[in-house]
2 protein chains.
Amino acid sequence: PEGWTDLDTKAVDTVRALAADAVQGPQAGHPGTAISLAPAAYLLFQKVMRHDPSDTNWVGRDRFVLSAGHSCLTLYIQFYLGGFGLELDDLKSLRTWDSKTPGHPEYGHTAGVEVTTGPLGQGVGNAVGMAMAARRQRGLLDPDAAPGTSPFDYQIYSIASDGDIEEGISSEASSLAGTQRLGNLTLIYDNNKISIEDDTNIALSEDTAKRYEAYGWHVQTVDWTNDGKSYGENIKALNDALAAAREVTDRPSFIDLRTIIAWPSPGKQGTGAAHGSSLGDDEVKALKEVIGFDASKTFDVDPAVLEHTRGLVQRGKDAHAEWQKSFDAWASKNADGKAMFERLTKRELTPGWEKALPTFDADEKGVASRAASGKVLTALAPVLPELWGGSADLAGSNNTTPDGQPSFLPEDRQSKKFSGSPYGRVLHFGIREHAMGAIMNGIAVSTGLRVYGGTFLTFSDYMRPSVRLASLMKLPVTYVWTHDSIGLGEDGPTHQPVEHLTALRAIPGLDVVRPADANETAWAWKTILEHSDRPAGLILSRQALPTFPRDTDGFAAADGTAKGGYVLKDSEGDPEVILIGTGSEVQLAVKAAEQLAADGVKARVVSMPCVEWFFEQDEAYRESVLPAGVKARVSVEAGIALGWRGLIGDAGRAVSLEHFGASAAAGVLFEEFGFTPAKVVEAANESI
Amino acid sequence: PEGWTDLDTKAVDTVRALAADAVQGPQAGHPGTAISLAPAAYLLFQKVMRHDPSDTNWVGRDRFVLSAGHSCLTLYIQFYLGGFGLELDDLKSLRTWDSKTPGHPEYGHTAGVEVTTGPLGQGVGNAVGMAMAARRQRGLLDPDAAPGTSPFDYQIYSIASDGDIEEGISSEASSLAGTQRLGNLTLIYDNNKISIEDDTNIALSEDTAKRYEAYGWHVQTVDWTNDGKSYGENIKALNDALAAAREVTDRPSFIDLRTIIAWPSPGKQGTGAAHGSSLGDDEVKALKEVIGFDASKTFDVDPAVLEHTRGLVQRGKDAHAEWQKSFDAWASKNADGKAMFERLTKRELTPGWEKALPTFDADEKGVASRAASGKVLTALAPVLPELWGGSADLAGSNNTTPDGQPSFLPEDRQSKKFSGSPYGRVLHFGIREHAMGAIMNGIAVSTGLRVYGGTFLTFSDYMRPSVRLASLMKLPVTYVWTHDSIGLGEDGPTHQPVEHLTALRAIPGLDVVRPADANETAWAWKTILEHSDRPAGLILSRQALPTFPRDTDGFAAADGTAKGGYVLKDSEGDPEVILIGTGSEVQLAVKAAEQLAADGVKARVVSMPCVEWFFEQDEAYRESVLPAGVKARVSVEAGIALGWRGLIGDAGRAVSLEHFGASAAAGVLFEEFGFTPAKVVEAANESI
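Heads up: these notes are all about the structure in this document. In this text, all values refer to a predicted model and were calculated from it rather than measured experimentally.

### As for the overall build of chain A
- Along the backbone of chain A there are 27 helices and 22 strands.
- In terms of C-alpha radius of gyration, chain A reaches 28 Å, essentially the compact-globule figure of 26 Å for 688 residues.
- Taken along its principal axes, the extent of the C-alpha atoms in chain A is 90 × 55 × 45 Å.
- For chain A, buried positions account for 68% of its 688 residues.

### Thoughts on the packing of aromatic side chains
- Within the structure shown, the criterion is met by 56 aromatic pairs over all chains.
- For the pair Y452 of chain A and W525 of chain A, a centre-to-centre distance of 5.9 Å together with 80° between the ring planes defines the contact as edge-to-face. Residue Y452 of chain A is located in strand β13 (residues 450-456), and its partner W525 of chain A is located in helix α21 (residues 518-530); the two are separated by 73 residues in the primary sequence.
- Classification of Y452 of chain A as buried rests on a relative accessible area of 2%.
- With centroids separated by 6.2 Å and ring planes inclined at 20°, the aromatic side chains of F456 of chain B and F459 of chain B adopt a geometry described as stacked. This pair shows no difference in class: F456 of chain B is buried, exactly as F459 of chain B is.
- Within the aromatic cluster, the residues linked to one another by ring pairs are W58, F152, W323, F327, W330 and F341 of chain A.

### Things to note about the nonpolar core
Residue and element names in this part refer to chain B.
- Ranked by internal contacts, the top residues of the largest apolar core, which has 72 residues, are L185, W217, F254 and Y479.
- When residues in this core are grouped by element, the largest group, ten residues, is from helix α6 (residues 122-141).
- Among the domains, domain 1 (6-317) and domain 2 (353-545) are the pair contributing at least three residues each to this core.
- F254 has contacts with I165, L187, Y189, T208, A209, Y212, W217, H218, V219 and Q220, leaving out every residue within four places of it along the chain.

### So, the interface of chain A and chain B
- With 102 residues of chain A at the interface, the matching set in chain B holds 102 residues.
- Across the chain A/chain B interface, buried area totals approximately 8,500 Å², and carbon plus sulfur atoms make up 57% of it.
- Together, W97, E197 and R468 of chain A form the three largest contributors to the area buried by chain A at its contact with chain B, with a combined 10%.
- Our enumeration of links across chain A and chain B arrives at eight salt bridges.
- Close ionic contact of K210 of chain A with E213 of chain B constitutes a salt bridge, the shortest N to O distance being 3.1 Å.
- Counting every contact that joins chain A to chain B gives 53 residue pairs in polar contact (both at pLDDT 80 or more).
- No other element matches the eight residues that helix α19 (residues 460-473) of chain A contributes to the side of chain A that touches chain B.

### Remarks on the sheet that holds strand β21 (residues 633-636) of chain A
Residues and elements named next belong to chain A.
- Here five strands make up an open sheet; going across it, the order is β18-β20-β19-β21-β22 and the pairing mixed. Looking at strand neighbours, the two that pair on one side only are β18 (566-569) and β22 (653-655), the edges of this open sheet. Sheet twist, expressed as the average angle between the axes of neighbouring strands with direction ignored, equals 30°.
- The sheet contact formed by strand β19 (residues 577-581) and strand β20 (residues 603-607) spans five bridges and is parallel. Counterpart to I578 in the pairing with β20 is R604.

### Thoughts on the pairing of strand β16 (residues 536-539) of chain B
Residues and elements named next belong to chain B.
- Burial along β16 is two-sided: the residues A536 and L538 and G537 and I539 are all buried.
- Bridging between strand β14 (residues 477-482) and β16 involves four bridges; their strand directions are parallel. Residue pairing in the sheet places V480 in a bridge with L538 of β16.
- Direction of pairing for strand β15 (residues 511-513) relative to β16: parallel, over a ladder of three bridges.

### Some words on unusual backbone geometry
Residue and element names in this part refer to chain A.
- Omega for the peptide link from W263 to P264 comes to 5°, which places this bond in the cis form.
- In this structure, D393 takes a positive phi of about 70° despite not being glycine.
- Within the secondary structure, D393 is located in the loop between β9 (387-391) and α17 (395-398).
- Residue classification places D393 among the buried residues on the basis of a relative accessible area of 5%.

### A short note on the pattern of salt bridges
- This model, assessed by the stated rule, comprises 69 salt bridges over all chains.
- Between R534 of chain A and D511 of chain A there is a salt bridge, with its nearest N and O atoms 3.0 Å apart. Of the two residues, R534 of chain A is situated in the loop between α21 and β16 (536-539) and D511 of chain A in strand β15 (residues 511-513); the sequence distance between them amounts to 23 residues. When sorted by exposure, R534 of chain A lands in the same class as D511 of chain A, which is buried.
- Ionic pairing is found between E594 of chain B and K569 of chain B, a salt bridge with its closest N-O pair at 3.5 Å. Of the two residues, E594 of chain B is situated in helix α22 (residues 586-598) and K569 of chain B in strand β18 (residues 566-569); the sequence distance between them amounts to 25 residues.
- Ionic contacts of the salt-bridge type, sharing partners, join the residues D511, D533, R534 and E616 of chain A into one network.

Thresholds applied
The residue numbers shown here count from 1 along each chain, following its written sequence. Going through the entries in the order they are written, you letter the chains from A and number the ligands from 1. In keeping with the predicted nature of the model, local features appear solely for residues at pLDDT of at least 70, side-chain atom pairs appear and are counted solely at 80 or more, and the whole-chain, interface and lining totals rest on all residues. The side-chain figures draw on all heavy atoms in the structure; neither hydrogens nor water molecules are used. Every helix listed is a DSSP run of H or I at least four residues long, and every strand listed is a run of E at least two residues long, numbered separately from the N terminus. Radius of gyration here uses only the C-alpha atoms, and the compact-globule reference equals 2.2 Å multiplied by the residue count raised to the power 0.38. Remark: exposure states derive from per-residue accessible area (1.4 Å probe, protein chains only) relative to the maximum for the residue type, with buried under 20%, exposed over 50%, and partly exposed in between. Between 30 and 60 degrees the pair is tilted, below 30 it is stacked and above 60 it is edge-to-face, where a pair is any two Phe, Tyr or Trp rings, Trp via its six-membered ring, whose centres lie within 6.5 Å. Residue types Ala, Val, Leu, Ile, Met, Phe, Trp, Tyr and Cys, when buried and joined through side-chain atoms within 4.5 Å, form a set referred to as a nonpolar core. Each domain's extent is set by a domain assignment, obtained either automatically or from a database. Whether two residues are in contact is decided by their heavy atoms: any pair within 4.5 Å suffices. Defined here as a combined quantity, buried area equals the accessible surface (1.4 Å probe) lost by two parts on assembly, summed across both. We define a salt bridge as a side-chain nitrogen of Lys or Arg found within 4 Å of a carboxyl oxygen belonging to Asp or Glu. Pairs of N or O atoms within 3.5 Å make up the polar contacts considered here, provided that, within protein, one atom can donate a hydrogen while the other can accept it, and that residues adjacent in sequence are counted only when both atoms are side-chain atoms. For two strands to be treated as a pair, DSSP must find no fewer than two bridges joining them. The convention used is that axes are lines fitted to C-alpha atoms, helices contributing only their stretch in contact, and that angles between N-to-C directions extend from 0 to 180 degrees.

Encoded structure:
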């Protein structure tokens, strides 16, 4: 392309040599893609993207998502060349303890990494989320700016491998990106037809470009293989395609970039061997000879090349300064917007927001916690504009739509039931839980927005890989998982969670919050939103739950929710047994305690909406709730007991469900499966 | 179509009336699709499919998968009309306790249900698996028959809803079905553009037919909406399309059937309200008026209609008898094949098969359990032809390819690395773990074949919804999950399982088997294959594990593996502490016990490869392994401790990993994260 020099060509070859050398160290890694994609990555990082190596958090930067996370060197070497903070020693310590260059890019660990990738397909979903976040952010801060003129306009680029294309999550996210008309998104498919099992023809024979056309994307092909006849890295063609992609603003862009993996490695190009293993000394030397490098040297970088590529530091500063002018101009005219922007950047909530939280009067019939959650969202919508979200086609069931709020939809995608605008705040993911999870992660990493997404608790399984990544990245996303037990009723065992609470509590860093009534639900939202350093799953009932009479009749206030576990209703005098319940089963513990009291047994009821929060409390508090001296304990939760053994101890009894559910009315199921006050009383007596 | 009578038309309308009535009972369910798809379902069940209501296990039957499982009435009403065993009372007890008509179709519960569906997208994957199973079965039993002439030739039909189409799992499975050229598969997409959030335009705007063309499918459109201008149920057009689909044998077929949900319900057709809620009395009456039924009656079936539709019973018997002739002719010429067929039908293994299992000599350096598993598969391949499987693009890493065995691939999909035939036995799923899971379920329900599928343990998350369904259906599928801990090393936290063992053990009915060495691995395979009533996950190491000296030096034989937990190496005299390990951590327990012995502490080492199997043993055996009197216990497993609390008790200590891993060499990680004999010794002393 214009302005491309011999030094650029040499820099690209330097990338190849460094990639080959770096993997020789740990003798494991993925050199092939880093070698053959060197020109594409270099073009993006040095010529195309607007970014500032000195400030990788600059809000106006273009974003890059390496969905093909195994090719981490594609990023690390550009970070080195561009001056983002990595040096040769970092490349030399690839994949070793405490290095800045782990085996897959890790968000928050290496400056410039926008999102943790590696589990395939996730990055495509993240990029879609980033593109959606950019539009929502623009809508909040600068909605009237002409396209491309706002300081909040930027591009999202992503590179996907064959594996990303095969994973269903990328299909889900890409279909939705078409519906959402995400013109700020460009996905480059490194179509090299090689994966770990070598030639992808054994498992992937589709016409992927046509598939993306079917999604409504703007599709271009850049064929460096010249239909298999000869290989030529036509960088201008790729640059032109990227420019065309930016020009198309009413659709996302897909570039089918046909490459040969590990090219020009003479012995291993185009083979699965180059994908996931070091090339070996001989092949590294042969590669260096092909590109005219000294085969006897490793990590050999011509100072002129580095000086040339580090020019990006100043260019980045200049671009940033230029942008700052437009930002300042915007800020001077938008004092409120600027205040909001700064608040969001710090992930702070609107001062006094919590006053908007509803409280619920005592009511024996009560309300489903999903309905209470819906009322909370409706109440918070006006005071927390950054809070947005939706459902995987279960909006009405998940109660995720705040009353009167507009949908986030292009003009031509609105329906009778859901109107809105491209800047709206109610998200419609379709029946795509997995993409929903990845999109939420993309939203959370790229802006200060707070996002939630709903489905039935059972289908948390469909999105689990993304939930794990949110936990690993410590992202403040909130899952609204309703229909949280056999209380779901007639839909039967496929839809009734049994093992899910335990399986989710198993994920390190995820808060699993299952409120017992409407007021705990409000406190759960409050506490979740006050955490900006972790994801949470809010576990809600389909069926009505009694709203306990707080601060009367021996019931504690609901603020104990924030501590994860608290004495909801104590016995008169020291307890002989502690009944620990969560969610819809707390009412059973309350009734059982009353029965036990009538029988002369002192039972304390502990509501334990969030085990994780409880264990964050100091020992004195925990001891005050669960005194070590009281060994008789009963857990009551409509799920497996596995996770409760530690809390109830050797003498404890669990009222639990150790098998799948069944199709019948909820009341019948609770009765048939032994979730009754009488069973809790029985367990308490056994435990004593 | 030819032969269609007024009674057929009335029968179709009877379906609609029954669907509307049935949902009025529980006041919840999904009437809309059952009403509008009535003609399609009736055509399939009464006119198109070859099946026998009196024998729903007939191997020669065509299979039908209702991927849109929420529309269970689509099945139940055909079962009623066709004489499969349901009567009007069953329809009246829809979605109630102990009925034959649960909220979603359940395999093994209602005769005629081929697979449990409801979690969307799964059925499409199941159908692809059934189509693959049919080909493999044919290859085993009748490979040389001309197309369409074998008693093992049958068709697989499936109906998918918008939700099935949106879920990524169906994209994965459909892409692979194109690669596999599954000509025996026809997928009907009920394209009604309505889901729970009403008009799907808010989330689904793709050209789905074009997408299936991109996958390489044979695609037809049957548009009953006449491009939105008028509605006409052109049953002949659908019948013709089904016939054309059968004619195309080198590709799967996709029929884009454009319908209006709940048609001709006058007030609710084409609305989300008709999807998942009862129509309400007024609308049910209005519907009956439109179709000329007595609106004052419910569950009203004209005896002439029932007599007409129950004619299927005799037609089915006739077809079965006709088929029996061809089967008998085949059997008379294929005595070995017939014996194998009967063995597979009973899910019995080849007599003496276990003699082929390898044993492994003691070796301190040892072998990775994944490698031992590969040797087992290679050894079993010749004696268990029904055992087949593959990997989600990690064949070499999962060691799932038995040496010298052919791939299951159409002629034009083979590669240099993987040759084979359409009848081969090594499966290549591509990087599609979720589809792999659903395909395995489809294979397991439709034939006596035993299938396994591999990926990294971390990515069990990607396939978890299918694993849950295998557990719910009690299907004998085997997951080969390798790289089972931080022992995976350099790839880092995205690829290192931490919570997965616990999360999988949480699923009711799934055996989680983590052998400690090569001989336990062989015994694990043996025990897994001897179970035909449940799935199992085989959890294998990347890194080498010492092969213990069995029956010498105090080590027990490996046959204890079959009991789930056993004393691997006992203390001299009654133990003071019990060290319980699994997999790669058992060696740490062994070394710790030696150290403790040197310190004068008597420590027993228990290897616990499968907690589920252990709890199936009688109490006396369990007590012999874990005497209640020995309270000092230590669990050693490179994952979270959550699941071990019950086994180690209040006095126990867990050597565990309560956070995510890191990118470094495995040895470094075990050391840094405290998995050393010294730490186990420390924990043992604490516990004592």
